[in-house]
Each structure stands twice: as structure tokens, then as C-alpha cells.
Amino acid sequence: MKPIARSIRTRQLGGYVCHSCTRNLRRSRRGYATTSQPSTLEIYDVVCVGGGPAGLSLLAALRANPITSPLKVALIESQSLDPTRKFSLPSTQYSNRCSSLTPKSVGFLQDIGAWEHVKRERVCGYKGMRVWDGVSGASIDFSPEIGGAATEGGVVAYMNENLNLTRALLGRLDELGGVEVLEGEKVTGIGFGNDTSTADLSSWPVVKTSGGRELAARLLVGADGGNSPVRTFAGIDSRGWDYGRVGVVATLQMEGEGWGCEEGKIAYQRFLPTGPVACLPLPGKFCTLVWSTTPDLAAKLKALSAEDFVSMVNAAFRLSVTDLKYLHDLPSGQEEEVSWRENHTPFEREHVPMKVVGVQEGSIASFPLKLRHADSYIGQRVALVGDAAHTVHPLAGQGLNQGQGDVESLANTIAYSVEHGMDIGVRMNLERYESERYAQNNMLMGVVDKLHKLYATENQLVVGVRSLGLRAVNSLDSVKGFFMRQASGRGEKFL
Amino acid sequence: MATIPRTTPSIRSLNLLLRTAPRFAQTQYRRHTTASASGAKSSVNPEEVSHFNALASTWWDPHGSSRLLHLMNPLRHDFIRTCHASQPTPVAKEGLRYLDIGCGGGIFAESAARLGSVKSVTAVDPSPEVLAVAKAHARQDPGLAAKLTYLNVSVEGLPAPKGLQDQYDVLSLFEVIEHITHPAQFLDACTPFVKPGGWIIMSTIARTWTSWVTTKLVAEDIAGIVPRGTHDWEKYINEDELRGHFLKERGWNSPRVMGVVYVPGLGWKEISGSEKLGNYFFGIRKDE
């Protein structure tokens, strides 16, 4: 067969065809091009849409593994990645978007060589968790001595800015090279390829970008968030509900580095009827706030002066639910009101976070809370990871970790396929990924959802039973150890 | 073609097999003119060919009757790796040539052609319908065209190798030998295609009461996982028969065997000793 024919198109060449051949053919085709830019189909083994933590981790994992590194891979990200690459703040400022990374996720990031690119001085490992019921005061303390959940050094989880992670992943990808990065290019459409005289790409997704490029994908990965265009293309429904709550985040400064910080920092979470409020430690005197509450109250909080906002945060961990209701209704002057009420409310100083003294300017923001779960994570030549597959309530700090778990499983599944000559995009060869992740994510999401609902009530009976349960669990180290291992991603597997 | 030494116990068993297979005691001449101009005697059994012609359309259906073959395919590569790893001299990391005989819809042939270590795969099958399915399917992966060649021919129809450059590093016979009427002659016909130091790799089913129950009674009659008539239990060959055949002064060494069992819900699992019960892989290396 004479390959250089008038009809030759690079779409006939596969991901396993050497790049120089593809280039030569493309060059030879240019001779026939008209004045307008020919839209040349490019063939990739993996096209990942979305340059967030999940997408970047997947690409880093594929590039770092010698089995998968020959794959031709591309990333399409609608935003410029430059702000991420250049992310740099002084040690007195922290981004308000932080996530908890379990030791298991950190282990994966170490395996793919990304963790060493993370600015470690901006990461805070914490060694204990204190969780209590805002209505009854029943509490539960987790410390690493219980249950053997922790890694070396007794860390339960690490608080880290999302940008610190994505910056590190980009750094790792730059170091590895070999990824075609299309940044600042939006996906304008996804369709299927054609059946031409030499190849049948009718089962291959073809992604068109705003930059005028067309990428055919052996495997199209949707790491493109909650409203995933890839998921829509694959015809996979996503089900769930909105909680009618928003998460208010802020970077806070406390009066000290935290109670007992010599032995390790503590994360605090108090369940209020409006939702849980959490204070999660960052390096030094800083911590990050995640306050789940109603959209109305969130709007009121965001409208307060910095001083009043700080007082409300302190109140949220200290004062009674009744006091909080009253304070929320004040248009201003919370600072004075809270300091007066604190003097009349009994609480153990060291059982709540250290007093917050300041909020970083411009760091108060909010986002809606919801639960979503895609009906499936895979389709023919399609896989979904991270938020494209599932969105979870942040109360257990598992969202990012679930995404990292997806990526690790998908990267392993792809590597197994490559090693055994299987087409990495074929649905049957992706089944392993779905079977490893779907039920596990579903269980965790169910537990988190039930926790939210259990604590979103002031019904005396429910409060009584749940407090009894919490106190009982608190006295049983074996049960606590079980929860600790689950939370740190090293738990027993049920499925 | 080599004469069959009728005195060896293993070959007696093979002949016994053939005598107990009256359904196929018919002439064994090729019926496909495309196969060869020589008119040489073929190993191909026409009834088997027509059976697999009828199966062609379901070959790549992941939930069809070939699902078990799809699931088994990774183990084939694992077994070949085990064989290669056992060599005194390490196998080349690239440039390997594979010949897949009885390739069917191309499940193994496609996968072999995707491997970085493989330079080319020649895949042959006597069923034109099945081969058409294989060719059509391979077009869905543009990376295969340069490495994978399908031929509608039996092993006797392939031109005899003129030298090392025409021989193969791996000659594979996956789920083939149990469909062959004269297995001993067939294996001898395969021999010239293997490079010195190369391997014949095959998988098949032992002729035991357990394999009769699983492949005939359960798979075909009760569960209906595979169509009736897919298997002919009397033609099954045991591992010790193969071993005896190759090691009888034919220039082969280092036989290896791996028994595998399909566990519903878990897939194919290697189970030591199970080659005596049912499905097994067999590999043997040609003397250098």
C-alpha cells in the first residue's frame, strides 16, 4: 500500500506510531492544504480534560511509570496554569482552599514523585482530631496512639493548600516532560471519529478545542469537575442532592500555635444543627476554617466586619446553639456581644481551638455543598475521576482523597492493560477501575451523608441517642481505632 | 512431514484420541483455496471451521461467548513472560516476531501487536468469516496496522521459512490443539517456523472427567456460556502427552506448564496442579 496518498490523514496513525513518522506525514500533507488552516486530527492514547489535582495526578502517575510512559498523552485545561505554576505566598499567608490529605494519598503522591515538589513548610500534619456535638456537648477524641492509624510521626492527615499540591504536580510534570498541555483552551465539542479507508475511529472520542485543535482519544479521561462535559458526552447521569448549605472558608490566625502543639496539632470539628464547623491546623499560628451553614447565615457572616467575623468563629466553637442563633441575627457588634457571653458560658479552654485573633484579608469565601455520584465511572473509551465522578460533603475531608484514590486505581488499571497488550480505552479493560472504586466511594459517601443528616437536627431524642453513641464510641478504643484507620485511608476494606 | 513414532506412549494416546473421535474421521483436506497453492494436507477440520464461522460475529462482544477468552488473554502474556524469564539468556526487549496460529477474532494477536517488545505479529486462521471479523476489529486501533498481518491460511499453507529471518520468536496456539484432528502431525508442521531458542506457547484443556463436566456439561449444556459443539472432549490433550511428544528427540527443551481455573467473580486464577484437571498453558523451547 502506498501511504502517501491524497486522502492520507494523520487520523490513520495510532498512538503507537512513532512521532517522527506522524510529523513527516503531516508535513507531506501540508502541500495539499488550502489557505485556511487545515484541521488536522491528532491521535492520543490518553486525553485528560481538566487540570485540577485529579487530572494532574493521573498524568504524573502515567508519565512516572515506565510501563505507561510510552503512551502519548495530552491535557486540556480551560484556564491558564500560570497562576498555579507561580503560586507563592509568604509564610504569613495561606490560600483559603485547603484540603486534608490522608497518609494513603501522600504515599501515592510520593510514589509518583510529586510529594517532594510540595512546599513542605506550608503543609501541616496533625496528630489528633476532636469532634463534638454542639447541642449536647458529647465529644470524641482521636489520637494516633489509638488504633495504629497514623504513619511514622503519628500523623493522622495533612492539611495542605490545593494550590500547593497542583503547583507541585505541575512541577513534577515539567520534570517528567512528554505531556502535550493545551492550557487556556476550552472544550468546544466532543464527538466521534470517522471510519476512513484505513482506520475506523468511529468508537474514538474526538475533542475539539477553542484553539482549533482536534484530539482523538484512545481513552478520554474526565477530570473536569462537577459539571463534567466528558460525563455528559458519555451519557452518564449523575445523581444526588443539594444540602441547602454552603461551606464558608477563611484563613484564620490564632493567638498561638495551638494547644499541645509540641506533641502535634489537633483538628477540631463541632456539629451544629446548621452544619459542622471545622478548624483545621496550618503551620504556625494559622488555621483554615470550613463552616457549613445555611446560605442565609453564610451571607450574613460574609457581610460582617473582620472583627465581628472572628468573634463569630470563636463563638461557633464555644457558645450554645441558642447564643449563636441570637448572634447571627445581629447586624453588627458581635465582637462585644461574644466576649460578654463567653464569660458566662462554661467550656474547657483546651477542648476548643485556640482563640482566633484575625482573618486574612480577602480569604472569606463560600461554595455550595452537595452530594453527587455518577451512575458509572466508565464508558467505551471514557473514564471519570475525582469530582466528575463524585462530589461529597466536606465534613470528613475526603473529597480530594477520593479523587487521588480514583487516580491511583485508574493509573494501575491502565498500566495493567499496557503490560498485557490490551486496548486501554475499551470498557471491558476499564472494569477493574470501576469495580475497585465505585462501591468504596459509594460507602464512604453514604456514611458522610448520614453523619451530616444525623447532626443537622435538634430533635431531643435524636440528640440523646447520637450523644449516647458518641460517648460510647469514645470509651471504646478499638472502635475509635477503626474509625481512625478509615479516615486516614488505611482502613479495613469491606468491598 | 515427520513420521509419527507409533511406539511412544504419548503418541499412542494421541492416536487413541483420534480413534475415539469418529465424528471427525473424514478427509482432512483444506477446503479454502485461498490458503495455499500447494494443495498440501491440512490440519484444518472443516466442521470446526464452519462452527467458528458461525461464531464470528460475537467474537468481540465483551459479554458474549468469548468473554472467557478475553478474560484469559492477560494470563497468556503472563505465561509467555514466565517462559522467557526461565531462559538462560534473557529475551530481547524489542524486535520479537510472533506467529499466532488459529488466531480467531484476534484477541491475542491484537494484544501481542500492542506490546512494545513485539516487532510484528502474523496471525492465521482457516475461517474466512472469523478472519474478516479480526481484520475489521483491528481497524479500530490505528496503531496495529503497521505490526499486525492477518492471513486466511492454515499452518501448512504458510511458505516454509528460508532462514532465521522468516522464523518466529513465539509461535502461539491458544485454544487450538483441541480442535485439531491430527495434533502430532500439526505440531511437527509448526516446528520449522520457530527460531532456535524460540518458543511454542499453547493453551488447551486436559482430557479428564472434570474438564468434561466443566466444558461440555456446564459451559455448553447447563450454563450455556459457550455454544454447543464448541468443544470436542475426545480431542482434548493432556499435558504429559504434549511433553512426551516434544521431548521425544524432536529438538525441544524446558517444558513449562501452568494450570488455570476460572473462578466466577474473580476471573482466571493460576492454580498449581490444576493442569491435571482442566485448562492449562504449555510452553516449550526449541533447542538453540
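Here the structure is a predicted model, which means the values were calculated and not measured.

Considerations on the overall build of chain B
No. 1: If you tally the helices and strands in chain B, you get eight helices and eight strands.
No. 2: Across the 288 residues of chain B, 57% fall into the buried class.
No. 3: Counting only contacts in chain B whose residues sit at least 6 apart along the sequence, the fraction spanning at least 24 positions is 74%.
No. 4: With the model as given, the accessible surface of chain B reaches about 12300 Å², and the carbon-plus-sulfur share is 58%.

A look at the overall build of chain A
No. 1: In terms of helices and strands, chain A carries 14 helices and 19 strands.
No. 2: The proportion of buried residues among the 495 residues of chain A is 54%.
No. 3: The long-range fraction of contacts in chain A, counting pairs at least 24 apart against all pairs at least 6 apart in sequence, stands at 76%.
No. 4: For chain A, the accessible surface area stands at approximately 20800 Å², while carbon and sulfur atoms represent 51% of it.

Describing the interface of chain B and chain A
The figure often quoted for interface size is the accessible area lost as the parts come together.
No. 1: Residue-level contacts link 19 residues of chain B with 26 residues of chain A.
No. 2: Of the roughly 1600 Å² buried where chain B meets chain A, counting both sides, 51% is carbon and sulfur surface.
No. 3: By the criterion of area lost to chain A, the three top residues of chain B are B:R114, B:R139 and B:P142, representing 41% of everything that side buries.
No. 4: Run the count over chain B and chain A and you get four salt bridges.
No. 5: The partner of B:R114 in a salt bridge is A:D423, and the shortest N-O contact between them spans 4.0 Å.
No. 6: At the junction of chain B and chain A, the tally comes to 10 residue pairs in polar contact (both at pLDDT 80 or more).
No. 7: The set of elements that each furnish at least two residues to the side of chain B that touches chain A consists of α3 (67–85) and α4 (107–114) of chain B.
No. 8: Residue composition of the side of chain B that touches chain A, by class: five nonpolar, seven polar and seven charged.

Side note on unusual backbone geometry
Residues and elements named next belong to chain B.
No. 1: Phi at E175 takes a positive value of approximately 50 degrees, unusual for a residue other than glycine.
No. 2: With respect to the element layout, E175 can be found in the loop between β4 (168–174) and α6 (183–190).
No. 3: You can call E175 buried: its relative accessible area is 14%.
No. 4: One non-glycine residue, S254, lies in positive phi territory at about 50 degrees.

Some thoughts on α4(B)
Because each turn of an α-helix spans 3.6 residues, side chains separated by three or four positions in sequence point in the same direction.
No. 1: Counting buried residues along α4(B), eight of its eight residues qualify, which places the element largely inside the surrounding structure.
No. 2: When α4(B) is considered as a whole, its buried residues turn out to be B:I107, B:F108, B:A109, B:E110, B:S111, B:A112, B:A113 and B:R114.

Points about the UniProt feature "binding site: S-adenosyl-L-methionine" (unreviewed entry) in chain B
Residues and elements named next belong to chain B.
No. 1: Summarizing the sequence annotation, UniProt attributes the feature "binding site: S-adenosyl-L-methionine" (unreviewed entry) to R76, G102, D125 and F174 in the numbering used throughout.
No. 2: Relative to the helices and strands, G102 resides in the loop between β1 (96–101) and α4.
No. 3: If near-sequence neighbours (up to four positions away) are discounted, G102 is found in contact with V124, D125, F174 and V176.
No. 4: Relative to the elements of secondary structure, D125 occurs in the loop between β2 (118–124) and α5 (128–138).

Things to note about the nonpolar core
Residue and element names in this part refer to chain A.
No. 1: Counting residues in hydrophobic clusters, the biggest one holds 63 residues, and the most contacted among them are V47 and L410.
No. 2: Looking at this core element by element, the count peaks at seven residues for helix α2 (residues 53–64).
No. 3: Taken domain by domain, the makeup of this core includes at least three residues from each of domain 1 (4–87 + 165–240 + 373–448) and domain 2 (98–161 + 243–368 + 453–488).
No. 4: Core analysis: the second largest hydrophobic core is formed by 34 residues, A250, L301, F309 and V356 among them.

Observations concerning the UniProt feature "binding site: Mg(2+)" (unreviewed entry) in chain B
Residue and element names in this part refer to chain B.
No. 1: The UniProt entry lists E175, E178 and H179 under the feature "binding site: Mg(2+)" (unreviewed entry), expressed in the numbering used here.
No. 2: Topologically, E178 is positioned in the loop between β4 and α6.
No. 3: With residues up to four places along the chain from it excluded, the contact list for E178 reads S203, T204, I205, K235 and Y236.
No. 4: H179 has contacts with N45, E48, F52, T230 and K235, leaving out every residue within four places of it along the chain.

What to know about the environment of A:P229
Residue and element names in this part refer to chain A.
No. 1: Secondary-structure assignment places P229 in helix α6 (residues 229–233).
No. 2: Given the relative accessible area of 38%, P229 is considered partly exposed.
No. 3: When the C-alpha positions of P229 and L384 are compared, they lie 11 Å apart, and in sequence the two are 155 residues distant.
No. 4: Discounting chain neighbours no more than four positions away, the residues touching P229 are I190 and D224.

Here we look at a nonpolar patch on the surface
Residue and element names in this part refer to chain A.
No. 1: There is a patch of nonpolar side chains on the surface, built from M443, V447, L451 and L454 and spanning about 280 Å² of accessible area.
No. 2: Mapping M443 onto the fold places it in helix α12 (residues 427–455).
No. 3: On the basis of relative accessible area, M443 is assigned to the partly exposed category, the value being 32%.

Here we look at the pattern of salt bridges
Residue and element names in this part refer to chain A.
No. 1: Summed over all chains, the structure comprises 30 salt bridges over all chains.
No. 2: Between R122 and E161 there is a salt bridge, and its shortest N-O distance comes to 2.8 Å. You can see R122 sitting in the loop between α4 (103–111) and β4 (124–133) and its partner E161 sitting in strand β6 (residues 157–161), a full 39 residues away along the chain. Residues R122 and E161 agree in their burial class; the two are buried.

With respect to the domain arrangement of chain A
Residue and element names in this part refer to chain A.
No. 1: If you check the domain split of chain A, you get domain 1 (4–87 + 165–240 + 373–448) and domain 2 (98–161 + 243–368 + 453–488).
No. 2: Taken together, the 22 residues of domain 1 in the interface contact 24 residues of domain 2.
No. 3: Counting across the domain 1 and domain 2 interface gives one salt bridge.
No. 4: For E408, the salt bridge is made with K104, and the minimal N-O distance between the two is 3.3 Å.
No. 5: Linking domain 1 with domain 2 are 10 residue pairs in polar contact (both at pLDDT 80 or more), by the criterion used here.

A look at the sheet that holds strand β8 (residues 279–286) of chain B
Picture the strands of a sheet paired through backbone hydrogen bonds; they go either parallel or antiparallel.
Residues and elements named next belong to chain B.
No. 1: The eight strands are arranged β3-β2-β1-β4-β5-β8-β6-β7 in an open sheet whose pairing can be described as mixed. Bordering the open sheet on either side are β3 (148–151) and β7 (267–270), each of which pairs with just one other strand. Geometrically, the sheet is characterised by an average inter-axis angle of 20 degrees between neighbouring strands, direction not taken into account.
No. 2: On top of the sheet, α6 reaches β1, β4 and β5 (194–205); it is set at about 160 degrees to β4, its chief contact.

Re the packing of helix α11 (residues 399–419) of chain A against α12(A)
Residues and elements named next belong to chain A.
No. 1: The N-to-C vectors of α11 and α12 enclose an angle of 165 degrees; their axes lie 8 Å apart at closest approach. By the criterion of interaxial angle, the relationship of α11 to α12 is roughly antiparallel. The two elements α11 and α12 cross, and the hand of that crossing is right-handed. Touching Q402, G405, D406, S409, L410, N412, T413, Y416 and S417 of α11 are N429, L430, R432, Y433, E436, R437, N441, L444 and M445, all from α12.
No. 2: The residue makeup of the contact of α11 with α12, split by class, is six nonpolar, eight polar and four charged.

Examining the pairing of β4(A)
Within a regular beta strand, the side chains point alternately toward one face of the sheet and then the other, so they alternate between its two faces.
Residues and elements named next belong to chain A.
No. 1: The buried count for β4 comes to eight of 10 residues, which makes it a mostly enclosed element.
No. 2: Two elements, β4 and β6, share three bridges in a ladder whose sense is antiparallel. Pairing of C124 across the sheet is with M159, part of β6.
No. 3: In this sheet, strand β12 (residues 265–272) lies alongside β4 in parallel orientation, the contact comprising seven bridges. Each bridged residue has a counterpart across the sheet, and for G128 the counterpart in β12 is I266.

Here's the deal with the packing of α2(A) against α11(A)
Residue and element names in this part refer to chain A.
No. 1: The N-to-C vectors of α2 and α11 enclose an angle of 30 degrees; their axes lie 9 Å apart at closest approach. Classified by the angle between their axes, α2 and α11 sit roughly parallel to one another. In this structure, the crossing between α2 and α11 has a hand that is right-handed. Only L400, Q404, V407, L410, A411 and I414 of α11 make contact with α2, whose side of the interface consists of P53, A54, S57, L58, A61 and L62.
No. 2: For the contact of α2 with α11, the class distribution of residues is 10 nonpolar, two polar and no charged.

What counts as what
- Residues numbered from 1 in each chain as written.
- Chains lettered and ligands numbered in written order.
- Predicted model: local features only at pLDDT ≥ 70, side-chain atom pairs only at ≥ 80, totals over all residues.
- Heavy atoms only, no water.
- Helix = DSSP H or I, 4+ residues; strand = E, 2+ residues; numbered from the N terminus.
- Buried < 20%, exposed > 50% of the residue type's maximum accessible area, 1.4 Å probe, protein only.
- Contact = heavy atoms within 4.5 Å.
- Areas by Shrake-Rupley, 256 points an atom, 1.4 Å probe, with all protein chains shown as cover.
- Buried area = accessible area lost by both parts, 1.4 Å probe.
- Salt bridge = Lys/Arg side-chain N within 4 Å of Asp/Glu carboxyl O.
- Polar contact = N/O pair within 3.5 Å; in protein donor to acceptor, adjacent residues only side chain to side chain.
- Nonpolar A, V, L, I, M, F, W, Y, C, P; charged D, E, K, R; others polar.
- UniProt positions renumbered as here; feature names shortened; annotations may be inferred.
- Core = buried A, V, L, I, M, F, W, Y, C linked by side-chain atoms within 4.5 Å.
- Domains from an automatic or database assignment.
- Patch = residues over 30% accessible without salt bridge, like charges linked within 9 Å, V, L, I, M, F, W, Y side chains within 5 Å.
- Pairing = 2+ DSSP bridges.
- Axes fitted to C-alpha atoms, helices over the stretch in contact; angles between N-to-C directions.
- Parallel < 35°, antiparallel > 145°, perpendicular 65-115°, else oblique.
- Left-handed = near helix turned anticlockwise from the far one by under 90°.

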